[in-house]
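# Topology and contacts: notes
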Amino acid sequence: MADSAQNGSRERVLYAVLGCGSTGYHVLQELQSSTGNVLVMDKNEDRVRELRDQRIDAVRRDISALDFLSGIPAIEIAFVLTGDNEANLAAVKALRVAYPHSRIMARATDPLVARNLEEAGADFVLNQNQLMAKAAVYQINKVYANRVSQRLYSLLSSWEGTLGIITHKNPDPDAISSALALAVIAKNANPNRLVCRIFYDGIIGHQANRTLVNLLEIKMEKMDPAVLQECTYLALVDSPAPGVNNTLPSKTRVHIVIDHHEDGKLAESPALFVDSRPGIGATASILSQYLQELDISVDKQVATGLLYGIRSDTRDFSRNVTPQDLINAAFLLPLTDNSLLDQIMSPSLSEETLDILGTAIANRKIQSGYLFSNVGFIRNRDALPQAADLLITLEGVNTALIYGISDEAIIMSARNRDVRLHIGNVLKEAFGTMGEAGGHPTMAAAVIPLSFFSLAKSKVDLLSLVTEPLLGRFANIVGLESEVRNGI
Ligand SMILES: [Mn+2]
């Protein structure tokens, strides 16, 4: 018989490709580059002859026939790839019975067929349309990422002077590491004619952020209009437009915007380069992708910073995370320094933070599940959310509101685990007209500038003076009884 097993190598057949149309042929080529032991079965005689002419081990078989496996050596791995769903189904059933331990991959044209193939014993079903769709979207995104990266690179390489990179107010790890990475790209694109300086406003408060800046030796300068004059170009990272969460005047001409925030108010004069991706988990993720696309070597410091940026903005891959963030994190992972990351993520507490935590604990007042604590005068406002994070864990507490006063404002930080309450909305309703206030159902903050209270008193006096009406507003909205309020 022309199609019978002909040579001894058949004894070692591991792989079988059933159906050698274009899909089958591509799989065959893939397999041949990694293994020589491939047997092809196809019902078309001409096709089989062609394959044999190419020195491919091929036999003619109709895989929908019950006995199509007779005379064939044991198959360990089968690819069932004809375009005929019925034939594929019959072959999978026969293979599963003949070789219970084999690995079977089958091709399906629609989800219903896919389910039937799985039930018949296919270990993996390849739904071509679905795969095509995924690949199409993946590739087009990749093309986009590549093009955007190249555009940024050529823009940077054409510049001459100073590029000021500006993070958002009170920069977090995402903003800090993104600024660092943009400086690395600029340096790579234009090592001689372009100098980068990184600016921030507010404070680098949280001890993890300070540790990040110190350990990675990032030079960050306090924003100052006079210094900004020295910049030929301006870039905004992790901030959507001038004046939005940064202290730039809203009419400032910025040249680059790289951001992932939803509330992207458009700048009044458009930037030369804008990459705004509200879907993505972190700006650091976008910068990691540039580095990858541009094939720029990433040192330990930068990789560690970026990975920390992605991790903290996505709360360790549990919030707003996309597959692209995971791909970017996977790219960074082998380049990072674990001990450096450990040091950043478990920094030592500053004495001031510890004192504030102590004061918050000591001054706590609990009424009907609400915890209030006045920490008095503070310099490091990042200690406040840390105190709120700690106190919300106290037994019997559903909502915690910690407040204090800084040089410029009365600051509140709230945490909530009562599902009936949206603490962000409560703070917004209570204090939104006085300053900035709002947040999420479980966490929120408010900042009320002292200028709002035109009172010339000592700060601590001011705090006690305004505390009662402020907390009164809060208590009113959440429905706390008036006798309870007096105890706050
Ligand atoms: Mn961010």
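Quick look at the sheet that holds strand β9 (residues 220-222) now. Sheet architecture is open: 6 strands sit in the order β9-β8-β7-β10-β11-β12, paired in parallel fashion. A single partner strand is all that each edge strand has here, and the edge strands are β9 and β12 (273-276). When strand polarity is set aside, the average angle formed by the axes of neighbouring strands in this sheet is 25°. Relative to strand β11 (residues 256-259), strand β10 (residues 233-237) runs parallel, the two being bridged by 3 bridges.

Attention now moves to the environment of M220. With respect to the helices and strands, M220 occurs in strand β9. Separated by 16 residues in sequence, M220 and I204 place their C-alpha atoms 9.7 Å apart. What M220 contacts, discounting residues up to four positions off in sequence, is T167, P171, I176, I198, Y200, I204 and V213.

Moving on, we come to the coordination of the manganese ion. Looking at the metal site, the manganese ion is ligated by D174 (OD), D238 (OD), D238 (OD), H260 (NE2) and D313 (OD), spaced 2.1 to 2.8 Å from it. A residue is classified by how much of its surface remains accessible, and D238, at 1% relative accessible area, is buried.

Applying the stated criterion across every chain, the model contains 12 salt bridges. Two residues, E50 and R47, come together in a salt bridge whose shortest N-O distance is 3.1 Å. Linking E50 with R47, this pair stays in helix α2 (residues 45-53), spanning 3 residues, or about one helical turn. Two residues, D316 and R311, come together in a salt bridge whose shortest N-O distance is 2.6 Å. A relative accessible area of 23% means that R311 is categorised as partly exposed.

This part is about the layout of surface pockets. Taken as a whole, the second largest pocket spans an internal volume of roughly 260 Å³. In terms of lining, the second largest pocket is formed by 14 residues, of which the most central are N141, I280, Q289, T322 and Q324. Mapped by element, the contributors of at least two residues to the lining of the second largest pocket are α5 (128-157) and α11 (323-332). Among the elements that line the lining of the second largest pocket, the one with the most residues is α5, at 6 residues.

A sheet is described by the order of its strands in space; here 6 strands give the open sequence β13-β14-β15-β16-β18-β17, paired in mixed fashion. Each edge of the open sheet carries a strand with a single partner, namely β13 (365-367) and β17 (436-439). Each strand axis lies, on average, 15° off the axis of its neighbour in the sheet, ignoring direction. Of the strand pairs in this sheet, strand β15 (residues 399-405) and strand β16 (residues 409-416) are connected by 7 bridges, and their pairing is antiparallel. Among the inter-strand pairings, A400 is bridged to a residue of β16, identified as R415.

Moving on: the pairing of strand β18 (residues 443-449). Side-chain alternation along β18 places A444, A446 and I448 on a buried face and M443, A445, V447 and P449 on a face that remains uncovered. Across 7 bridges, the pairing between β16 and β18 is antiparallel. Following the sheet pairing, I410 is matched in β18 by I448. One ladder, built from 4 bridges, connects β17 with β18; its direction is antiparallel. Within β18, the position partnered with G438 by the bridge is A445. Counting the residues that bridge the hairpin from β17 to β18 gives 3 residues.

What follows is about the pairing of strand β1 (residues 15-18). Burial along β1 is two-sided: Y15 and V17 and A16 and L18, pointing in opposite directions, are all buried. Across 4 bridges, the pairing between β1 and strand β2 (residues 38-42) is parallel. In the sheet register, Y15 faces β2, and the bridge partner there is V38. In this view, the connection linking β1 to its parallel neighbour β2 by way of helix α1 (residues 22-34) has right-handed handedness. Relative to strand β4 (residues 77-80), β1 runs parallel, the two sharing 4 bridges. Across the sheet, V17 pairs through a bridge with F79, a residue of β4.

What counts as what
Residues numbered from 1 in each chain as written. Predicted model: local features only at pLDDT ≥ 70, side-chain atom pairs only at ≥ 80, totals over all residues. Heavy atoms only, no water. Pairing = 2+ DSSP bridges. Helix = DSSP H or I, 4+ residues; strand = E, 2+ residues; numbered from the N terminus. Axes fitted to C-alpha atoms, helices over the stretch in contact; angles between N-to-C directions. Contact = heavy atoms within 4.5 Å. Donors = N, O, S within 2.8 Å, 3.2 Å for Na, K, Ca; no water. Buried < 20%, exposed > 50% of the residue type's maximum accessible area, 1.4 Å probe, protein only. Salt bridge = Lys/Arg side-chain N within 4 Å of Asp/Glu carboxyl O. 1 Å grid on protein atoms, 1.4 Å probe; cavity = no way out; pocket = protein on both sides within 12 Å on 5 of 7 lines; lining within 4 Å. Points joined across faces, edges and corners; volume = space filled by probe spheres on them. Right-handed = clockwise from strand over helix to strand, strands pointing away.

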